[in-house]
Amino acid sequence: MVDGPELMRDGRAVRVALLVYNDARNDSRVLKTAASLRSAGAQVRIFAVARGRAGCAEGPDLVGDGIEVDRAPEFEFVRYAPWALNLARRVTGRPIPPTGGSGPAKPVATGAPKRAMPASSPVPASGPAAASTVHRLVNDLWLRTYRVVSLSLYWVESARAAAAWKPDIVHANDGNTLAPAVWISRACGAEIVYDAHELWRHRNVRRDRPIAPLVEGAIESWAIRRAGGVITVSPSIATWLHETYDLCEVPTLVRNIPRRPEETAQERGGQLRAMAGLTPETKVIAYGGRITTSRGIEETLDALALMPASTHFVLLGYGEVDYLATLHTRIGALGIATRVHFVGAVASDQVSSALADADLSVVFVRPICLSYEFSLPNKLFESIHAGLPIAAADLPDTAAIVRDYGVGEIFQAHDPNQIAMSMASTMAAVLADPQRYRDAARVAATHLTWQGEEQALLALYAQVLAR
C-alpha cells in the first residue's frame, strides 16, 4: 500500500478505467499510474486496443505487474469492410495487406538496413506505378481512412466495454481517448480524469490535416471542462492548458519519472560499454530511447564529428529500418562509422542501469512543435537515475531541471547553424569535469522519483472522489 489516501467509495474499492489508444504493454506512464492506483486500494482495468502483429490480441489480458487490460479489436478491412479491400485492389492493381497495414513493422536497431516500406502504409511505395500521382493519392487516402476508422472503432468498443464495467472514474490518457471518456461518464455517472501526456493540439503530426485539428480542439475544449481533474507532465503544458481553457485550477503536475528501485543504477553497475564492446578508457556519450527523428540524434552525430576520436556515441533503443538507413548514410558521410554503436533495446525498467557506465547523456528533443518545446523527456529522468552528467537543450522545462539540480550543462537548440558547435563545446566541458555532475545526479535521483509523483496523483483522485 502506498502512503496516502485509500481510494474507497461507500466501503468498496473505487473502480478506475484507464483508456489508452495503444496495446498498453510498454506504456510506462499508464502502467505506473495503474500500479499506483491499485496499490492505493482501487480496482483498476486498462481499456486498450489490440495489435495482432505485435502479439497483443483482443480481449482480456494482463500487463505490467498483473494489471488487468481489456483490448478492443483492431480495425481490419478484411474483417469489417472486405468490399473496401477489394475496391482498393482493383483501383491500384496491387495486392493490399488484408489488415490494412494496421500493425507496426518490427523495429530493429543494428546494422545498415535496406530501405523498406513501413508496414503502416497500405500500398507499396516502390516501382513506377507507386510514383504516379494517382497511386500516391490513393495510398494517402487509404491510410487516412484507415486511421480515422481505426480510432472510431476503438472509441465505440472501449466505451461499450468500460461502461459495462461501471467505473467510478475514467482516466483518459491523451486527447484521443477524451470522446469515449465523456460517453462512459454519461452512461454510468463516472468522473473523468484527463491525463495529457503531451500538448495534444500542438504535437508533432503532419501539417496537411485541415479538419483534424478543428475536431481535436473541439473535443479537448468540450471534454476538459467536464473533467473532475486534469493531470499533465510538465509545468509549461500545465500553464498552457490552464490559460487556454480558463480552467478553475492549474492542472496537477505528475511528471513521467521512473520508480526509484531498491538498488540504485550505480550499485547495479552499467552495461553500455559491454554492449558496445568499448574499453573503460573510451569516452561514452549515451542516448537512451526510441531511435527516431526529432530526438537530436542527427545533431549529436554532427557534434561527435567535432570531438576527439576517443569519444564514442552509443544508442540504446530501437528504430524503424527507414530511419536507421538515413542515420547510417549520415554517419558514413561524417566519417564516424567506427565511433557510433547501435546496441539494441532493454526493458523500460532496465534503462537507467544499462546507461550507468556511460560518461554523459544527451537530452535533446528538437523543438519543432510546441509540445516538444514544453516537453520533459523520460530520458532526462532515466539519465539522472543512472547517475550520468547531462548535456541538455535549452528548452524551458528540461533546462529548469538540469539547472535546479546542477546535473549538467545547457546548449542552445534553436539556431540550426550553431547547434552542433554548441553541443560539442557543452559536452566537452561536462566531460572535462564530470564528477560534480555525477554527484549531483545521485542526489537528484533521491528526490525525482515516481514514488513522489504518485502522491500528487493520489491527492487529485481523493479530491475528485470527495466531489
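Structural data are supplied above this passage.
Residues numbered from 1 in each chain as written. Predicted model: local features only at pLDDT ≥ 70, side-chain atom pairs only at ≥ 80, totals over all residues. Heavy atoms only, no water.

> Requested: an account of the overall build of the protein, with residues and values cited.
Summing up its helical and strand segments, the protein has 19 helices and 16 strands in all. Scored against the burial criterion, the 467 residues of the protein give a buried share of 53%. For the protein, the proportion of contacts with a sequence separation of at least 24, taken over those separated by at least 6, is 69%. Element-wise, carbon and sulfur atoms account for 55% of the exposed surface of the protein, whose accessible area totals about 20100 Å². (Helix = DSSP H or I, 4+ residues; strand = E, 2+ residues; numbered from the N terminus. Buried < 20%, exposed > 50% of the residue type's maximum accessible area, 1.4 Å probe, protein only. Contact = heavy atoms within 4.5 Å. Areas by Shrake-Rupley, 256 points an atom, 1.4 Å probe, with all protein chains shown as cover.)

> Go over the sheet that holds strand β10 (residues 252-253), please, and point to the residues and values.
Pairing between sheet strands relies on hydrogen bonds along the backbone, with the strands arranged either parallel or antiparallel. Taken together, the eight strands give an open sheet; going across it, the order is β5-β6-β4-β3-β7-β8-β9-β10, and neighbouring strands pair in mixed fashion. The open sheet has two edge strands with one neighbour each: β5 (59-63) and β10. With four bridges joining them, strand β8 (residues 191-196) and strand β9 (residues 229-232) adopt parallel strand pairing. The residue bridging Ala 196 from the neighbouring strand is Thr 232, located in β9. (Pairing = 2+ DSSP bridges.)

> Just give me the short version of the packing of aromatic side chains, but keep the residues and values in it.
Under the defined criterion, the tally for this structure stands at six aromatic pairs. Consider the rings of Phe 75 and Tyr 146, whose centres lie 6.0 Å apart with planes at 45°: the pair is tilted. Of this pair, Phe 75 sits in the loop between β6 (67-72) and α2 (77-80) while Tyr 146 sits in helix α5 (residues 133-165), placing them 71 residues apart in sequence. Residues Trp 240 and Tyr 245 carry aromatic rings whose centres are separated by 6.1 Å and whose planes lie at 85° to one another, so their mutual orientation is edge-to-face. For the pair Trp 240 and Tyr 245, one class covers both residues: buried. (Phe/Tyr/Trp six-rings, centres within 6.5 Å; stacked < 30°, edge-to-face > 60°.)

> Can you lay out the pairing of strand β12 (residues 311-316) for me, pointing to particular residues and giving the numbers?
A large share of β12 lies buried, amounting to six of its six residues. Sheet analysis places strand β11 (residues 283-288) next to β12, joined by six bridges and oriented parallel. Of the residues in β12, the one forming a bridge with Lys 283 is Thr 311. For the segment spanning β11, helix α11 (residues 297-304) and β12, crossover handedness is right-handed. Examined bridge by bridge, β12 and strand β13 (residues 340-342) share three bridges and lie parallel to one another. (Right-handed = clockwise from strand over helix to strand, strands pointing away.)

> Explain the sheet that holds strand β16 (residues 408-411) residue by residue, including any values.
One open sheet accounts for six strands, arranged β13-β12-β11-β14-β15-β16; its pairing is parallel. Bordering the open sheet on either side are β13 and β16, each of which pairs with just one other strand. Strand after strand, the sheet turns through a mean of 25° between neighbouring axes, direction not considered. Its contacts with the sheet put α11 on β11, β12, β13 and β14 (360-363), and the angle it makes with β12 is roughly 165°. (Axes fitted to C-alpha atoms, helices over the stretch in contact; angles between N-to-C directions.)

> Summarise unusual backbone geometry; cite the residues concerned and give the values.
Of note, Asp 174 is a non-glycine position whose phi angle comes to about 80°, a positive value. Among the secondary structure elements, Asp 174 is positioned in the loop between β7 (169-173) and α6 (178-188). If you check the backbone angles, Ser 294 has positive phi at about 70° while not being a glycine. Relative to the assigned elements, Ser 294 resides in the loop between β11 and α11.

> Describe the layout of surface pockets, naming the residues involved and giving the relevant values.
A volume near 290 Å³ is recorded for the second largest pocket. In terms of lining residues, the second largest pocket is bounded by 18 residues, among which Ala 227, Gly 228, Val 230, Cys 248 and Glu 249 are the most central. Residues belonging to the lining of the second largest pocket are distributed by class as follows: nine nonpolar, four polar and five charged. (1 Å grid on protein atoms, 1.4 Å probe; cavity = no way out; pocket = protein on both sides within 12 Å on 5 of 7 lines; lining within 4 Å. Points joined across faces, edges and corners; volume = space filled by probe spheres on them. Nonpolar A, V, L, I, M, F, W, Y, C, P; charged D, E, K, R; others polar.)

Nothing here speaks to function; it is all geometry.
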